[in-house]
2 protein chains.
Amino acid sequence: MVNNFPVLVERIKQEGKSLEGGILKVDSFINHQLDPDLLEQMSAEFNRRFDPASYDKIVTIEASGIAPAVMLGYLAHKKVVFAKKKKPSTMSNMLVTEVFSFTKNTTYQICISGEFIHAGERLLFIDDFLANGKAASGIIDLANQAQAKIVGMGFLIEKAFQQGGSLLREQNIHVESLATIASLDNCTITFA
Amino acid sequence: MVNNFPVLVERIKQEGKSLEGGILKVDSFINHQLDPDLLEQMSAEFNRRFDPASYDKIVTIEASGIAPAVMLGYLAHKKVVFAKKKKPSTMSNMLVTEVFSFTKNTTYQICISGEFIHAGERLLFIDDFLANGKAASGIIDLANQAQAKIVGMGFLIEKAFQQGGSLLREQNIHVESLATIASLDNCTITFA
């Protein structure tokens, strides 16, 4: 089930830092600074793992999911919708759900306009991290509200020592992670 | 000075909506749903207007600036740094400034890690909207703190009836906007 993408694994080994509390710091190439050439390679790998004929549209969540989602959208010629974390004042017909963040120990809302996901649509969800799977579950809820279907989920990095991956795969969702981390114990990055 | 990019103007005419209060709603192709093919055309136009040899790195602000910045970074082979609107707990050495939002009538902070912009670096700022120029001024302040230099600013849409464009051009910054709106009076979109 683990299928690590060597290009990303190498970059994590070079630049990733494991901090206290199970935090993986990858802000020099994923979360704050972006390397478009790496991004293109990662999205091309998603494009090999998810047949573009199997989905209609890509969904993600602002902000860190936007870059890989857009690059995949470009390669696969699919539109991208990014869920917002605050309900914009200028939007009506919003689908809203709540997501619990373990990192911040708070609940926040994510929303997507009902104008942009439709009944019967097949959606591919792309995001940077899979940990507890709370954001992914929120996206499933939004898709259900629209009577759309999540057909796959692609993550740059999965923390296999948290339960998100199992929860999603138990629902028979096609989940792909480009780098799976088995452990961040003792501030050491161990790949699965 | 006005140099409208016909592809974007046509899309705004087709899908943009002018709402009460000078709001231009473009969430079907810029702010919420993204069309990667349009994005590629817009970023290619930025790439014609800003010589890649004239700058070292692209900066933007989460979330709506990320897509055009990343696509330009891909075309021009430049790294992209996106300023964050909240100071992440895992980052030290942060450069921080305050930005006043007229839309929301509040002040918020934007920050960039000092690890990712450096003294002497030439930065190109890319964002979706130019209105009052407050976000752009915040980025200039962050660049100054790092002793880096903003050499150009590219916006998808400029509201010429607000003062941001004049303020930035008076500082001899090379400003390019792909679509310049002269007026949104009476809920009608009038291009400059």
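- If you check an unreviewed UniProt entry, chain A appears there as Xanthine phosphoribosyltransferase from Candidatus Anaerobiospirillum pullicola.
- According to the UniProt record, the Sequence similarities (unreviewed entry) comment for chain A is "Belongs to the purine/pyrimidine phosphoribosyltransferase family. Xpt subfamily."
- Note on chain A: under the UniProt heading Function (unreviewed entry), the record states "Converts the preformed base xanthine, a product of nucleic acid breakdown, to xanthosine 5'-monophosphate (XMP), so it can be reused for RNA or DNA synthesis."

## Structural notes on the sheet that holds strand S4 (residues 57–61) of chain B
Phase 1 of the analysis: Taking strand neighbours across the sheet as the criterion, the seven strands line up as S3(A)-S5(B)-S4(B)-S8(B)-S9(B)-S10(B)-S11(B) in an open arrangement whose pairing is mixed. Pairing within the sheet leaves two strands with one partner each, and these edge strands are strand S3 (33–34) of chain A together with strand S11 (190–191) of chain B.
Phase 2 of the analysis: Two elements, strand S8 (residues 122–130) of chain B and strand S9 (residues 149–159) of chain B, share eight bridges in a ladder whose sense is parallel. Bridging from a neighbouring strand, B:Phe125 pairs with B:Met153 of S9(B).
Phase 3 of the analysis: Along the sheet, helix H4 (residues 66–76) of chain B contacts S3 of chain A together with S4, strand S5 (80–83), S8 and S9 of chain B; its crossing angle with S4(B), the most-contacted strand, is approximately 170°.
Phase 4 of the analysis: Strand contacts of helix H5 (residues 134–145) of chain B: S4, S5, S8 and S9 of chain B, with the helix running at about 170° to S9(B), the strand carrying the most contacts.

## Overview of the relation of the copies chain A and chain B
Phase 1 of the analysis: Between chain A and chain B, the superposition needs a rotation of 180° and an axial shift of 0.0 Å, giving an RMSD of 0.0 Å. Given the turn and translation reported, the copies of this chain are related as if by a two-fold rotation axis. Closest approach to the rotation axis among the C-alpha atoms of chain A is made by A:Ala63, whose C-alpha sits 2.6 Å away.
Phase 2 of the analysis: Most of the interface of chain A is mirrored in chain B: 98% of its interface residues are interface residues there too.

## Focus: the interface of chain A and chain B
Phase 1 of the analysis: Each partner contributes to the interface: chain A provides 41 residues, whereas chain B provides 40 residues.
Phase 2 of the analysis: At the boundary of chain A with chain B, total buried surface from both sides reaches about 3400 Å², with 64% on carbon and sulfur atoms.
Phase 3 of the analysis: For B:Glu115, the salt bridge goes to A:Lys25, with nearest N and O atoms at 3.5 Å.
Phase 4 of the analysis: Remark: the boundary between chain A and chain B carries 12 residue pairs in polar contact (both at pLDDT 80 or more).
Phase 5 of the analysis: Breaking the side of chain A that touches chain B down by element, the ones donating at least two residues are strand S1 (17–19), strand S2 (23–25), helix H2 (27–31), S3, helix H3 (36–49), helix H4 (66–76), strand S5 (80–83) and strand S7 (106–113) of chain A.
Phase 6 of the analysis: Take the side of chain A that touches chain B: its biggest share by element is six residues, from H4(A).
Phase 7 of the analysis: Here the residues of the side of chain A that touches chain B are counted per class, giving 20 nonpolar, nine polar and 12 charged.
Phase 8 of the analysis: Inspection of the sheet shows S3(A) paired to S5(B) by two bridges, in the antiparallel sense. What sits directly across from A:Leu34, in S5(B), is B:Val80.

## Regarding the packing of aromatic side chains
Phase 1 of the analysis: The final tally for this structure, using the stated rule, is seven aromatic pairs over all chains.
Phase 2 of the analysis: Consider the rings of A:Phe125 and A:Phe155, whose centres lie 5.9 Å apart with planes at 75°: the pair is edge-to-face. Here the residue A:Phe125 occupies a position in strand S8 (residues 122–130), and A:Phe155 occupies one in strand S9 (residues 149–159), the gap between them amounting to 30 residues. Note on accessibility: A:Phe125 and A:Phe155 belong to one class, buried.
Phase 3 of the analysis: The residue whose ring lies beneath B:Lys78 is B:Tyr55, and the NZ or CZ to ring-centre distance is 5.1 Å.

## Some details on the pairing of strand S4 (residues 57–61) of chain A
Every other side chain in a regular strand lies on the same face of the sheet, so the side chains alternate between the two faces.
All names here are of chain A.
Phase 1 of the analysis: Burial runs high along S4: five of the five residues are buried.
Phase 2 of the analysis: Sheet topology note: the S4/S8 ladder contains three bridges and is parallel. Looking at the pairing, Lys57 lines up with Leu123 of S8.
Phase 3 of the analysis: Both S4 and S5 contribute to a ladder of four bridges, which runs parallel. If you follow Val59 over to S5, its bridge partner there is Val81.
Phase 4 of the analysis: Each parallel crossover has a hand, and for S4 linked through H4 to S5 it is right-handed.

## Things to note about a positive patch on the surface
Phase 1 of the analysis: A contiguous patch of positive charge on the surface is contributed by A:Lys85, A:Lys86, A:Lys104, B:Lys85, B:Lys86 and B:Lys104.
Phase 2 of the analysis: By the element assignment, A:Lys104 lies in the loop between strand S6 (94–101) and S7.

## Here's the deal with the environment of A:Leu19
Residues and elements named next belong to chain A.
Phase 1 of the analysis: Mapped onto the secondary structure, Leu19 falls in strand S1.
Phase 2 of the analysis: The exposure class of Leu19 is partly exposed, given its relative accessible area of 26%.
Phase 3 of the analysis: Sequence spacing of Leu19 and Ile157 is 138 residues, and the spatial spacing of their C-alpha atoms is 16 Å.

## Topic: the packing of H3(A) against H4(B)
Phase 1 of the analysis: At a minimum axis separation of 8 Å, H3(A) and H4(B) run at an interaxial angle of 100°. Judged by the angle between their axes, H3(A) and H4(B) are roughly perpendicular. Contacts from A:Pro36, A:Leu39 and A:Glu40 of H3(A) reach H4(B) at B:Val70, B:Gly73 and B:Tyr74.
Phase 2 of the analysis: Looking at the contact of H3(A) with H4(B), its residues break down into four nonpolar, one polar and one charged.

About the thresholds
- Residues numbered from 1 in each chain as written.
- Chains lettered and ligands numbered in written order.
- Predicted model: local features only at pLDDT ≥ 70, side-chain atom pairs only at ≥ 80, totals over all residues.
- Heavy atoms only, no water.
- UniProt positions renumbered as here; feature names shortened; annotations may be inferred.
- Pairing = 2+ DSSP bridges.
- Helix = DSSP H or I, 4+ residues; strand = E, 2+ residues; numbered from the N terminus.
- Contact = heavy atoms within 4.5 Å.
- Axes fitted to C-alpha atoms, helices over the stretch in contact; angles between N-to-C directions.
- Least-squares fit on C-alpha atoms with pLDDT ≥ 70 in both.
- Buried area = accessible area lost by both parts, 1.4 Å probe.
- Salt bridge = Lys/Arg side-chain N within 4 Å of Asp/Glu carboxyl O.
- Polar contact = N/O pair within 3.5 Å; in protein donor to acceptor, adjacent residues only side chain to side chain.
- Nonpolar A, V, L, I, M, F, W, Y, C, P; charged D, E, K, R; others polar.
- Phe/Tyr/Trp six-rings, centres within 6.5 Å; stacked < 30°, edge-to-face > 60°.
- Buried < 20%, exposed > 50% of the residue type's maximum accessible area, 1.4 Å probe, protein only.
- Lys NZ or Arg CZ within 6 Å of the ring centre and 35° of its normal.
- Right-handed = clockwise from strand over helix to strand, strands pointing away.
- Patch = residues over 30% accessible without salt bridge, like charges linked within 9 Å, V, L, I, M, F, W, Y side chains within 5 Å.
- Areas by Shrake-Rupley, 256 points an atom, 1.4 Å probe, with all protein chains shown as cover.
- Lys, Arg positive; Asp, Glu negative; His and termini not counted.
- Charge placed at Lys NZ, Arg CZ, Asp CG, Glu CD.
- Parallel < 35°, antiparallel > 145°, perpendicular 65-115°, else oblique.

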